[in-house]
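# Architecture and fold: a report
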Amino acid sequence: MTPEPFSLLDPWHLLNVVFFISAAIYLPFAFRNASEKIKVYFRYLLAMIILIHETTNPVFKITERGFDWWDAMPIHMCGFSSWCIAFYLITKYRPLFIFAFFWGLGGGGMSILTPDIVLGFPALEYLDTMWGHSLILMGVFTAIFQMNERPFLNDYFYLMVMTTFIFLPVVYLFNIYFGTNYWFVVEKPYGDNLMNFFPDPLPGKPYHLLGLIPAAYAITFLLYIPYLLKDKNAQ
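Because the structure is a prediction, the values reported are computed rather than measured.

Counting 52 residues, the largest nonpolar core has Tyr88, Phe97, Phe101, Trp103, Val140 and Trp183 as the members making the most contacts within it. Secondary structure elements with two or more residues in this core: α1 (11-30), α2 (36-64), α3 (77-91), α4 (94-113), α5 (124-147), α6 (153-178) and α7 (209-234). Each residue touching tryptophan 183, except ones within four places of it in the same chain, is listed here: Ile75, His76, Met77, Phe99, Thr163, Phe167, Leu168, Val171 and Leu212.

This part is about α3. Along its 15 residues, α3 runs 21 Å from first to last C-alpha, staying within 8% of the 21 Å computed at 1.5 Å per residue. Of the residues one or two after α3, lysine 92 is the one with positive phi, at around 65 degrees.

Attention now goes to the UniProt feature "transmembrane region" (unreviewed entry) in the protein chain. Under the UniProt annotation, the feature "transmembrane region" (unreviewed entry) is placed at residues 12-29, 41-60, 72-89, 96-114, 126-145, 157-178 and 207-229. For residues 72-89, the helix share is 72%, the strand share is 0%, and the end-to-end C-alpha distance is 25 Å. Secondary structure content for residues 207-229 is 91% helix and 0% strand, and the end C-alpha separation is 35 Å.

A separate point is the domain arrangement of the protein chain. Under the domain assignment used here, the protein chain contains domain 1 (1-150) and domain 2 (151-234). Computed over C-alpha atoms only, the centres of domain 1 and domain 2 are separated by 19 Å. Listed by partner, the interface residues are 25 residues for domain 1 and 29 residues for domain 2. For the pairing of domain 1 and domain 2, the buried interface totals around 2,500 Å² over both sides, and the portion due to carbon and sulfur atoms is 70%. On the domain 1 side of the interface with domain 2, the three residues burying the most area are Phe102, Trp103 and Arg150, jointly 33% of the side's total. Our enumeration of links across domain 1 and domain 2 arrives at two salt bridges. Across the domain 1-domain 2 interface, the total number found is nine residue pairs in polar contact (both at pLDDT 80 or more). By residue number, the principal contributor to the side of domain 1 that touches domain 2 is α4, which donates ten residues. Along the lines of polarity and charge, the residues of the side of domain 1 that touches domain 2 split into 17 nonpolar, three polar and five charged.

How each quantity is defined
- Residues numbered from 1 in each chain as written.
- Predicted model: local features only at pLDDT ≥ 70, side-chain atom pairs only at ≥ 80, totals over all residues.
- Heavy atoms only, no water.
- Core = buried A, V, L, I, M, F, W, Y, C linked by side-chain atoms within 4.5 Å.
- Buried < 20%, exposed > 50% of the residue type's maximum accessible area, 1.4 Å probe, protein only.
- Helix = DSSP H or I, 4+ residues; strand = E, 2+ residues; numbered from the N terminus.
- Contact = heavy atoms within 4.5 Å.
- Expected span 1.5 Å × (residues − 1).
- UniProt positions renumbered as here; feature names shortened; annotations may be inferred.
- Domains from an automatic or database assignment.
- Buried area = accessible area lost by both parts, 1.4 Å probe.
- Salt bridge = Lys/Arg side-chain N within 4 Å of Asp/Glu carboxyl O.
- Polar contact = N/O pair within 3.5 Å; in protein donor to acceptor, adjacent residues only side chain to side chain.
- Nonpolar A, V, L, I, M, F, W, Y, C, P; charged D, E, K, R; others polar.

What follows is the structure in structure tokens.
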């Protein structure tokens, strides 16, 4: 099967979306009642797989996708989420979970639905993108189902403040200095995605952020709504 240019409406892509998201949820859920020893093995193995993927993925991008090394570093929001959830599974350091929950589920989920790639299934770049982002989801759902972790409303507001006033300015300045586009704060990502509905950026003027930032914060808040309703019903 020869890969074709990626299309959001490709039936193979739609099937893969269902498969990867379902697997990312089902596997952690299936082991939720396993012995503590099995659950420890599960999360350590998953953390190791995530870390291996993140450390080898830059090599894949450089050798197979033609990236320059400064564009291939694992510091996109999803890459950062991967590191966070992997080390959370090992250390149980809760702030790592909070970042991975909101930005990992939100960004990783969107990247599975609308991947930033040129070729569709079964191209290696397509499979790598779907596999890598599904690992983020699997890590977060492992924390939820097997470690009884959850976010709270103050976690959401704290992360949004940290993202707005610390992470975004630092990443933007890094991009300007190195000529990169991490977190897509300088230019829109390639392909069909939510940013197509936002204003086009101009040199030195990332107008697309006027739509991207509110949309990103709204999407991440939607992730919290099930907990908001659960807490309200418990009162």
